[in-house]
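Notes for the structure review
Here is how the chains run, residue by residue.
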Amino acid sequence: MDCLFCKIAAGEIPSAKVYEDDLCLAFRDIAPQAPVHILIVPKAHIASADAVTKDNSAVITHIFETIPEVARAAGLTNGYRVITNVGEDGCQSVKHLHFHILGGKKLPESMG
Ligand code: AMP
């Protein structure tokens with residue numbers, strides 16, 4: 001499958017990795033939109049949050065258990081934002097589920 005984040009998860013394309021385990025990978029966004037901008041992705045391909053089912057959702061729990069650890073390690077002690085974009089209207093550009101972890105400054109209140 002020609003999927004950028006599958007290739008990053010497989011180590012075929014380099015990334016600025018900040019965390020990795022058997023199920024997920026976190027790496028710095030190549031075009032950061034905040035002082036800290038990390039993406040956390042499941043290693044197994046899931047197209048988006050809209051493709052989460054009972055059969056593949058265990059990794060979502062795992063990712064949300066991992067996010068506080070990643071955020072702490074990145075120095076996000078005063079809060080942060082977790083976002084996932086879905087589909088065309090959500091402006092999802094990479095069709096592999098990923099959660100943006102944004103922080104390091106007071107973020108804008110508006111989300112859309
Ligand atoms: P989204 O628009 O929600 O699909 O987010 C995709 C994100 O992936 C964007 O913030 C991009 O800057 C980021 N991105 C694209 N290619 C890479 C890459 N090779 N390494 C790290 N981040 C990337």
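Presented here is an overview of the structure given in this document. None of these values were measured; they are calculated from a predicted model.

**A look at unusual backbone geometry**
One non-glycine residue, cysteine 91, lies in the positive phi region at around 60°. The residue cysteine 91 is located in the loop between β4 (80–83) and β5 (99–103) in this model. Under the relative-accessibility criterion, cysteine 91 is labelled exposed at 61%.

**Side note on a nonpolar patch on the surface**
Together, Phe64, Tyr80 and Val82 line one region of the surface with nonpolar side chains, adding up to about 250 Å² of accessible area. Along the polypeptide, valine 82 turns up in strand β4. Valine 82 gets classed as partly exposed once you look at its relative accessible area, which sits at 31%.

**Examining the layout of surface pockets**
In this structure, the largest pocket occupies an estimated 640 Å³ of space. Among the elements that make up the lining of the largest pocket, the one with the highest residue count is helix α1 (residues 4–9) (3 residues).

**So, the nonpolar core**
Core analysis: the largest hydrophobic core is formed by 17 residues, its most contacted members being Ala26, Ile38, Ile40, Ile63, Val70 and Ile101. If you list the elements that add at least two residues to this core, you get β2 (24–28), β3 (36–42), α2 (58–73) and β5. Looking at which element gives the most residues to this core, the answer is α2, with 6 residues. Discounting residues that sit within four places of it in the chain, alanine 26 has contacts with Ala16, Lys17, Val18, Tyr19, Ile38, Leu39, Ile40 and Val70. Membership of the second largest hydrophobic core comes to 8 residues, among which are Ala9, Leu25, Phe27 and Val94.

**Focus on the environment of proline 32**
Structurally, proline 32 is set in the loop between β2 and β3. Taking the C-alpha atoms as reference, proline 32 lies 10.0 Å from histidine 100; in sequence the two are 68 residues apart.

Thresholds applied
- Residues numbered from 1 in each chain as written.
- Predicted model: local features only at pLDDT ≥ 70, side-chain atom pairs only at ≥ 80, totals over all residues.
- Heavy atoms only, no water.
- Helix = DSSP H or I, 4+ residues; strand = E, 2+ residues; numbered from the N terminus.
- Buried < 20%, exposed > 50% of the residue type's maximum accessible area, 1.4 Å probe, protein only.
- Patch = residues over 30% accessible without salt bridge, like charges linked within 9 Å, V, L, I, M, F, W, Y side chains within 5 Å.
- Areas by Shrake-Rupley, 256 points an atom, 1.4 Å probe, with all protein chains shown as cover.
- Salt bridge = Lys/Arg side-chain N within 4 Å of Asp/Glu carboxyl O.
- 1 Å grid on protein atoms, 1.4 Å probe; cavity = no way out; pocket = protein on both sides within 12 Å on 5 of 7 lines; lining within 4 Å.
- Points joined across faces, edges and corners; volume = space filled by probe spheres on them.
- Core = buried A, V, L, I, M, F, W, Y, C linked by side-chain atoms within 4.5 Å.
- Contact = heavy atoms within 4.5 Å.

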